[in-house]
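Inside the fold
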Amino acid sequence: MHQLSTGRRSRQFSDQPSTTDDQIAVADTHLGAVNGAIVSVLKVNSLIATLGTMIAYRGIALSLTDALLVPLPEPIRVLGNARLGPIPTDILIMVVILVGVHLLHAKTAFGRQLVAMGNDIAIARKVGLPVDRAGFLSFVLAGVLASVGGILTTVQNGAVSPWLGSGVEFTALAAVVVGGISLLGGRGTILFSIIPGAFIFEMIRNGLTHLGATPYSYRLVGGAVIFAAMYADALKSGRVSLRWRTAP
């Protein structure tokens, strides 16, 4: 029964590959909108809301795939190795998206609104900025970008897996923090923070590989890097001090 189900899903991918990509993008946009509604309308903490929906969405993926690995047909798998000259197409897509999001963040009113919300959302609301609308749209945009990343990763792997991308959110978090973006918001740029952060984090992982470290140590080192970067960010912003308080 599972093999028949897998075969059906594989044929569906083969018959309508472009339609499937469109459906994934539309679905992820709606899922991002759900996150935005939970945060903006129900006023749930964004970290708790997105962690909760991540678990729920993963449960839906497990249910839809029966927790099976569904191979992609050969015409789609070939796209994972597509190149434009010597450069893989997924690298070019990544650069285009990074530049686009950087310009959106740095050159538009929407981007400035997000920076103001990151600095102090209460003050942003008092001065009349559309806090709820901007927050909602940011989650929708996150859903769109997640769909692009999911499609590219799936094509690279050549199969659909409900566990694909598990734990990647922490890698992304580490790259963002190491690149100098404050998790409390209000500081950092997209292009000049994400790329250096990703390079630094990958250099650390490659260094561990050359040292013969086990793959299980990557999470430990990644957690330590996140903690160190967040502590450095706290020191830089003056929220904490290295001076020990002494009793009078």
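The structure presented is a predicted model; accordingly, all values stated were derived computationally and were not measured. (Residues numbered from 1 in each chain as written. Predicted model: local features only at pLDDT ≥ 70, side-chain atom pairs only at ≥ 80, totals over all residues. Heavy atoms only, no water.)

1. Points about the overall build of the chain
Of the regular secondary structure elements, the chain holds 11 helices and 4 strands. Put simply, 65% of the contacts in the chain that link residues at least 6 apart link residues at least 24 apart. On the chain, roughly 16,000 Å² of surface is accessible, and the fraction owed to carbon and sulfur atoms is 68%. (Helix = DSSP H or I, 4+ residues; strand = E, 2+ residues; numbered from the N terminus. Contact = heavy atoms within 4.5 Å. Areas by Shrake-Rupley, 256 points an atom, 1.4 Å probe, with all protein chains shown as cover.)

2. Let's talk about the environment of Asp66
Tracing the chain through its elements places Asp66 in the loop between helix 3 (46-65) and strand 1 (70-71). According to the relative accessible area criterion, Asp66 is partly exposed, its value standing at 36%. When the C-alpha positions of Asp66 and Ser161 are compared, they lie 9.9 Å apart, and in sequence the two are 95 residues distant. (Buried < 20%, exposed > 50% of the residue type's maximum accessible area, 1.4 Å probe, protein only.)

3. Section: the packing of helix 6 (residues 109-119) against helix 8 (residues 131-157)
The N-to-C vectors of helix 6 and helix 8 enclose an angle of 105 degrees; their axes lie 10 Å apart at closest approach. Taken together, helix 6 and helix 8 sit at an angle that is classed as roughly perpendicular. Residue-level contacts link Phe110, Gln113, Leu114 and Met117 of helix 6 to Val131, Ala134, Gly135, Leu137 and Ser138 of helix 8. Considered class by class, the residues forming the contact of helix 6 with helix 8 number 6 nonpolar, 3 polar and no charged. (Axes fitted to C-alpha atoms, helices over the stretch in contact; angles between N-to-C directions. Parallel < 35°, antiparallel > 145°, perpendicular 65-115°, else oblique. Nonpolar A, V, L, I, M, F, W, Y, C, P; charged D, E, K, R; others polar.)

4. Some details on the confidence of the model for the chain
On average, residues of the chain score 81 in pLDDT, and 87% of them reach the 70 mark or higher. Low pLDDT (under 50) marks residues 1-15, which in the prediction has 22 contacts with non-local residues, meaning those over four places away or in another chain. (pLDDT = per-residue confidence, 0-100.)

5. Comments concerning the pattern of salt bridges
Under the definition given, this model contains 3 salt bridges. Note that Glu202 is salt-bridged to Arg205, the shortest N-O span being 3.9 Å. Pair noted here: Glu202 and Arg205 are both in helix 10 (residues 191-210), with a separation of 3 residues, about one helical turn. According to the relative accessible area criterion, Glu202 is partly exposed, its value standing at 35%. On the accessibility criterion, Arg205 (28% relative accessible area) is partly exposed. When salt bridges that share partners are traced, they join Lys43, Arg125 and Asp132 into one network. (Salt bridge = Lys/Arg side-chain N within 4 Å of Asp/Glu carboxyl O.)

6. Brief notes about the packing of helix 5 (residues 89-107) against helix 6
At a closest axis distance of 5 Å, the pairing of helix 5 and helix 6 adopts a crossing angle of 70 degrees. Overall, the two elements helix 5 and helix 6 adopt an arrangement that is roughly perpendicular. Listed contacts from helix 6 to Leu104, His105, Ala106 and Lys107 of helix 5 are Ala109, Phe110, Gly111, Arg112 and Val115. Here the residues of the contact of helix 5 with helix 6 sort into 5 nonpolar, 2 polar and 2 charged.

7. Here we look at helix 9 (residues 168-178)
When helix 9 is considered as a whole, its buried residues turn out to be Ala174, Ala175 and Val177. Note on helix 9: the residue one or two positions beyond its end, Gly180, has a positive phi of about 105 degrees.

8. Regarding the packing of aromatic side chains
Under the counting rule described, the total for this entry stands at 1 aromatic pair. Ring geometry for Phe227 and Tyr231: centres 6.3 Å apart, planes at 10 degrees, overall stacked. Placement of the pair is Phe227 and Tyr231 together in helix 11 (residues 217-237), with a separation of 4 residues, close to one helical turn. Assessed through its relative accessible area of 60%, Phe227 is described here as exposed. (Phe/Tyr/Trp six-rings, centres within 6.5 Å; stacked < 30°, edge-to-face > 60°.)

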